[in-house]
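# Examination of the molecular architecture
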Amino acid sequence: MQTPAETVPAPALPPVVPPGRMAARSQPVLDLPGPSHLRPWTPYDAPALVESCHDPEIRHWNRTPVLTPAGAGERIARWQERWRAEAAAVWAVAPSGGGLPVGLIGVADLDLPGGSGEIMYWLLPAGRGTGVMAGATARISRWAFDDLGLHRLRITHSVANPASCRVAEKAGFPLEGTMRGALLHADGWHDEHLHARLSTDGPVPA
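Everything numeric here is computed off the predicted structure, so don't read it as measured data. (Residues numbered from 1 in each chain as written. Predicted model: local features only at pLDDT ≥ 70, side-chain atom pairs only at ≥ 80, totals over all residues. Heavy atoms only, no water.)

## Side note on the overall build of the protein
Along its length, the protein carries 5 helices and 8 strands. In the protein, the order of α-helices and β-strands from amino to carboxyl end is β-β-α-α-α-β-β-β-α-β-α-β-β. Each principal axis of the C-alpha distribution contributes one length, and for the protein these read about 75 × 40 × 35 Å. Expressed as a percentage of the 206 residues in the protein, the buried residues total 44%. Taking all contacts inside the protein whose residues are at least 6 apart in sequence as the whole, residues at least 24 apart take part in 61%. Per element, the accessible surface of the protein, about 11000 Å² overall, is 57% carbon and sulfur. (Helix = DSSP H or I, 4+ residues; strand = E, 2+ residues; numbered from the N terminus. Buried < 20%, exposed > 50% of the residue type's maximum accessible area, 1.4 Å probe, protein only. Contact = heavy atoms within 4.5 Å. Areas by Shrake-Rupley, 256 points an atom, 1.4 Å probe, with all protein chains shown as cover.)

## Remarks on the pattern of salt bridges
Following the criterion strictly, the structure yields 5 salt bridges and no others. Measuring nitrogen to oxygen at the nearest pair gives 2.6 Å for the salt bridge that ties Asp55 to Arg128. Placement of the pair is Asp55 in the loop between α1 (46-54) and α2 (56-61) and Arg128 in the loop between β5 (116-123) and α4 (132-148), with a sequence separation of 73 residues. With relative accessibility at 33%, the residue Arg128 sits in the partly exposed group. Between Arg152 and Glu176 there is a salt bridge, with the nearest N and O atoms lying 2.8 Å from each other. Within this pair, whereas Arg152 is found in strand β6 (residues 152-158), its partner Glu176 is found in strand β7 (residues 175-185), the two being separated by 24 residues in sequence. (Salt bridge = Lys/Arg side-chain N within 4 Å of Asp/Glu carboxyl O.)

## Observations regarding the sheet that holds strand β2 (residues 36-40)
Taken together, 8 strands build an open sheet; the order of strands is β1-β2-β3-β4-β5-β6-β8-β7 and the sheet is mixed. The sheet terminates laterally at β1 (30-31) and β7, the two strands that pair on one side only. Contacting β5, β6 and β8 (188-198), helix α5 (residues 162-170) crosses the sheet at an angle of about 10° to β8. (Pairing = 2+ DSSP bridges. Axes fitted to C-alpha atoms, helices over the stretch in contact; angles between N-to-C directions.)

## Focus: unusual backbone geometry
The phi dihedral of Glu86 is positive, around 60°, even though this residue is not glycine. Mapped onto the fold, Glu86 is located in the loop between α3 (69-84) and β3 (89-95). The phi angle at Asp109 is positive, at roughly 50°, despite the residue not being glycine. Here Asp109 is to be found in strand β4 (residues 103-111). The exposure class of Asp109 is partly exposed, given its relative accessible area of 48%.

## Side note on the pairing of β2
Within β2, 4 of the 5 residues are buried, which leaves the element mostly enclosed by the surrounding structure. One ladder, built from 2 bridges, connects β1 with β2; its direction is antiparallel. Bridge pairing links Leu30 to Leu38 in β2. Between β1 and the antiparallel strand that follows it, β2, lie 4 residues; Gly34 among them carries a positive phi value of about 90°. Pairing geometry for β2 and β3, over 5 bridges, is antiparallel. Looking at β3, one finds that Ser36 is bridged to Pro95.

## Comments concerning the nonpolar core
Core analysis: the biggest nonpolar cluster contains 34 residues, and Leu38, Trp91, Ile105, Ile119, Trp143 and Leu150 have the highest contact counts within it. Contributions of two or more residues to this core are made by β3, β4, β5, α4, β6 and α5. Considering each element in turn, this core owes the most residues, 9 residues, to α4. If sequence neighbours within four positions are ignored, Ile105 has contacts with Leu38, Ala89, Val90, Trp91, Val93, Ile119, Met120, Tyr121, Met133, Ala136, Thr137 and Ile140. Residues Ala48, Val50, Ile76 and Trp122 belong to the second largest nonpolar core, which totals 16 residues. (Core = buried A, V, L, I, M, F, W, Y, C linked by side-chain atoms within 4.5 Å.)

## Notes on the environment of Arg139
Its location among the elements puts Arg139 in helix α4. When the C-alpha atoms of Arg139 and His37 are compared, they prove to be 9.8 Å apart, with 102 residues separating the residues in sequence. Those residues within four positions of Arg139 in sequence are excluded, and the remaining contacts are Leu30, Asp31, Leu32 and Leu38.

Here it is as structure tokens:
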């Protein structure tokens, strides 16, 4: 009687981004072209977060809960904790000379071992029409690829949201396809566009 050959486990793949690389660093301030920059959210930014919860455009495209000032402060504190836990990186889009944020951008759903994440963003009315979000998306991409070491970034948005589509394309994220009935909004299920960029795709647009 033959003995079955022993199964040899496949060698484990090394993580694309070693654990601890993000948590060991402070969240940086990132410069942008023009009068804005990206900086970590602070407790003093709670009024901007509360305002975003009441903005019709932001509420339409994002499942945003209505926050009190105290609740906004708690959410900002959680973003700081998620940086330390290497689960997400969230920045305020704010005037370089000081003042409240006009938007938010970050990398969520971070999978450091697998080398991927998803860029998310929104702008308050004060930041719309300025082109700042395309520049912010490109800047976050360079940070994620060059500093953190991710391999793939994606952006998803409703097919009925052409403004998000323009931001993704200007930032160098080509459309990969359409995900049917992928996200439930207040007015029903929406198909979603999937844009993505790889670290090997060449320089990110400035």
